[in-house]
Amino acid sequence: MPQLFSTPTSTPSSTSSFPSPSPFSASFPSRDSVVAALRAAGCVFAEDEAELVLGAARTAGELNALVDRRVAGMPLELVLGWAEFCGLRIAVTPGVFVPRRRTEFLVTEALAHAPDAGVVVDLCCGSGAVGAALAAALDRPEVHAADVDPAAVHCARGNLADAGGRVYAGDLFDALPAALRGRVDILAANVPYVPTGEVALLPAEARDHEPLVALDGGTDGLQVLRRVAAEAPRWLAPGGCLLAETSERQAPAAVDAFTRAGLTTRLAVCEELYAHVVIGVRE
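Computed from a prediction, not measured in an experiment: that's the story for all the values here. (Residues numbered from 1 in each chain as written. Predicted model: local features only at pLDDT ≥ 70, side-chain atom pairs only at ≥ 80, totals over all residues. Heavy atoms only, no water.)

S.K.: Hey, could you go over the overall build of the protein chain for me, with residue numbers and the actual values?
M.R.: Scanning the protein chain from terminus to terminus reveals 10 helices and 9 strands. Its C-alpha atoms give the protein chain a radius of gyration of 20 Å, near enough to 19 Å, the size a compact globule of 283 residues would have. Based on the C-alpha atoms only, the size of the protein chain along its principal axes is roughly 65 × 40 × 30 Å. Looking at the protein chain as a whole, 52% of its 283 residues qualify as buried. Considering only contacts within the protein chain whose residues lie at least 6 apart along the sequence, 65% involve residues at least 24 apart. Approximately 12400 Å² of the protein chain is accessible, and the part contributed by carbon and sulfur atoms is 53%. (Helix = DSSP H or I, 4+ residues; strand = E, 2+ residues; numbered from the N terminus. Rg over C-alpha atoms; globule rule 2.2 N^0.38 Å. Buried < 20%, exposed > 50% of the residue type's maximum accessible area, 1.4 Å probe, protein only. Contact = heavy atoms within 4.5 Å. Areas by Shrake-Rupley, 256 points an atom, 1.4 Å probe, with all protein chains shown as cover.)

Here it is in structure tokens:
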């Protein structure tokens, strides 16, 4: 699951990657010094990352800490405290799933199907990035979001505050108010879809810094998706759509799960982002 920039290829250390005293502690370093440190750690886009890290640090001490965290393997977005998503700056905090750029395709497909949506639900919301992007693009929609992880709920509440979004803690639809049944125009469910046996193969950035509940989708990766698809028709408004991201390999089984739930289903693919989104409509 690629993030904004590639992960360092060096082996993370439990201590600072800089010798003591740090070369960044005495005075504010040059851009070239930061680039060199990041490049030595294996950051492929060291120049781009250096610009962002330098822009985030107010003091030499802060910069030293930020570079140390990145060199140790922390995702750049968590180092900075934000991720870019659909042109928005989404706050992300440690222990919260980092929104992926390919998920922007899910937002695009949702808006294409329901450009006038009045009620939006961001299920398995993580940071609330999808809900925030939909809220920004639509005309003052009613926005709801839910996640089982308390850290994600806290983060999403901050990101959805300006949109007046309400964020609930709980397991899938159990977290939502019953008054939403039959009213949802866009139900975006960016569910975990990594098969349990493949979680260990994920990049260290995901394995070590993101919650397992946001990654592990069960034996075949579709356990959560099937649960969402089965219950979604009771929550969708007539003509409302359910959208879920999946992998190319899992797409046929995901389409089947949506179809079995009684939804009119299609698969949308974006080759550029390597994104696969299953879309089901309640006719």
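Having put the structure on the table, let's press on.
S.K.: Can you tell me about the pairing of strand 4 (residues 142-147), naming the residues and giving the values?
M.R.: Counting buried positions along strand 4 gives 5 out of 6 residues, so the element sits mostly inside the fold. With 5 bridges joining them, strand 3 (residues 119-123) and strand 4 adopt parallel strand pairing. Within strand 4, the position partnered with Val 120 by the bridge is Val 143. Bridge count for strand 4 against strand 5 (residues 166-169) is 4 bridges, and the pairing is parallel. Bridging across to strand 5, His 144 finds its partner in Arg 166. Handedness of the strand 4-helix 7 (residues 150-160)-strand 5 crossover: right-handed. (Pairing = 2+ DSSP bridges. Right-handed = clockwise from strand over helix to strand, strands pointing away.)

S.K.: An account of helix 1 (residues 31-40) is requested, with residue identities and associated values reported.
M.R.: When we look at burial in helix 1, the residues that qualify are Val 34, Val 35, Ala 37 and Leu 38. For helix 1, the angular spread of buried residues about the axis comes to 165°, placing them on one side. Residues of helix 1 that are exposed and angled more than 90 degrees away from the buried face: Asp 32 and Ala 40. Of the surrounding secondary structure, the elements contacted by the buried residues of helix 1 are helix 2 (46-56) and helix 3 (60-71). (Arc of directions from axis to C-beta.)

S.K.: Hey, could you go over the confidence of the model for the protein chain for me, with residue numbers and the actual values?
M.R.: Considering every residue of the protein chain, the mean pLDDT works out to 90; 91% of them sit at 70 or more. Of the regions scoring below 50 in pLDDT, residues 1-25 engages in 67 contacts with residues more than four places distant in sequence or in other chains. (pLDDT = per-residue confidence, 0-100.)

S.K.: Give a description of the packing of helix 5 (residues 104-113) against helix 6 (residues 129-137) that names residues and reports values.
M.R.: Taken N-terminus to C-terminus, the directions of helix 5 and helix 6 make an angle of 40°; their axes are 10 Å apart at the nearest point. With respect to each other, helix 5 and helix 6 are oriented oblique. Along this stretch, helix 5 crosses helix 6, giving a crossing that reads as right-handed. Of helix 6, the residues touching helix 5 (which contributes Leu 106, Val 107, Ala 110 and Leu 111) are Val 130, Ala 133, Leu 134 and Ala 137. Per-class residue counts for the contact of helix 5 with helix 6 are 8 nonpolar, no polar and no charged. (Axes fitted to C-alpha atoms, helices over the stretch in contact; angles between N-to-C directions. Parallel < 35°, antiparallel > 145°, perpendicular 65-115°, else oblique. Left-handed = near helix turned anticlockwise from the far one by under 90°. Nonpolar A, V, L, I, M, F, W, Y, C, P; charged D, E, K, R; others polar.)

S.K.: So what's going on with helix 3? Which residues, and what values?
M.R.: With 12 residues, helix 3 extends 16 Å from end C-alpha to end C-alpha; this agrees with the ideal 16 Å at 1.5 Å per step. Where helix 3 is concerned, the buried positions are Ala 60, Leu 63, Asn 64, Leu 66, Val 67, Asp 68, Arg 70 and Val 71. The inward-facing, buried residues of helix 3 abut helix 1, helix 2, helix 4 (76-80) and helix 8 (204-209). A positive backbone phi angle near 105° is found at Gly 73, which sits one or two residues after helix 3. (Expected span 1.5 Å × (residues − 1).)

S.K.: Describe in detail the packing of aromatic side chains, supporting the description with residues and values.
M.R.: Inspection of the entire model under this criterion finds 1 aromatic pair. Pairing Phe 173 with Trp 235 gives two aromatic rings, centres 5.5 Å apart and planes at 20°, and the pair type is stacked. Of the two residues, Phe 173 is situated in the loop between strand 5 and strand 6 (184-189) and Trp 235 in the loop between helix 9 (223-231) and strand 7 (236-246); the sequence distance between them amounts to 62 residues. Taken individually, Phe 173 and Trp 235 each receive the classification buried, so the pair is uniform in this respect. Across from the ring centre of Trp 82, 3.8 Å away, lies the NZ or CZ of Arg 89, which sits over that ring. (Phe/Tyr/Trp six-rings, centres within 6.5 Å; stacked < 30°, edge-to-face > 60°. Lys NZ or Arg CZ within 6 Å of the ring centre and 35° of its normal.)

S.K.: Account for the pairing of strand 9 (residues 275-281), naming residues and giving values.
M.R.: A large share of strand 9 lies buried, amounting to 7 of its 7 residues. As defined by bridge partners, strand 7 adjoins strand 9 across 6 bridges and the pair is classed as antiparallel. Bridge pairing in strand 9 places Cys 241 opposite Val 281. As defined by bridge partners, strand 8 (residues 264-270) adjoins strand 9 across 7 bridges and the pair is classed as antiparallel. By the bridge assignment, Thr 265 is partnered in strand 9 with Gly 280. Hairpin remark: strand 8 followed by strand 9, antiparallel, with 4 residues in the connecting loop; positive phi at Tyr 274, about 50°.

S.K.: Mind laying out the sheet that holds strand 6, listing which residues take part and the relevant values?
M.R.: Strand order across the open sheet formed by 7 strands is 5-4-3-6-7-9-8, with mixed pairing between neighbours. The open sheet has two edge strands with one neighbour each: strand 5 and strand 8. For this sheet the average axis-to-axis angle between neighbouring strands, irrespective of direction, equals 20°. The strands that helix 7 touches are strand 4 and strand 5; relative to strand 5, the one it contacts most, it runs at about 175°.

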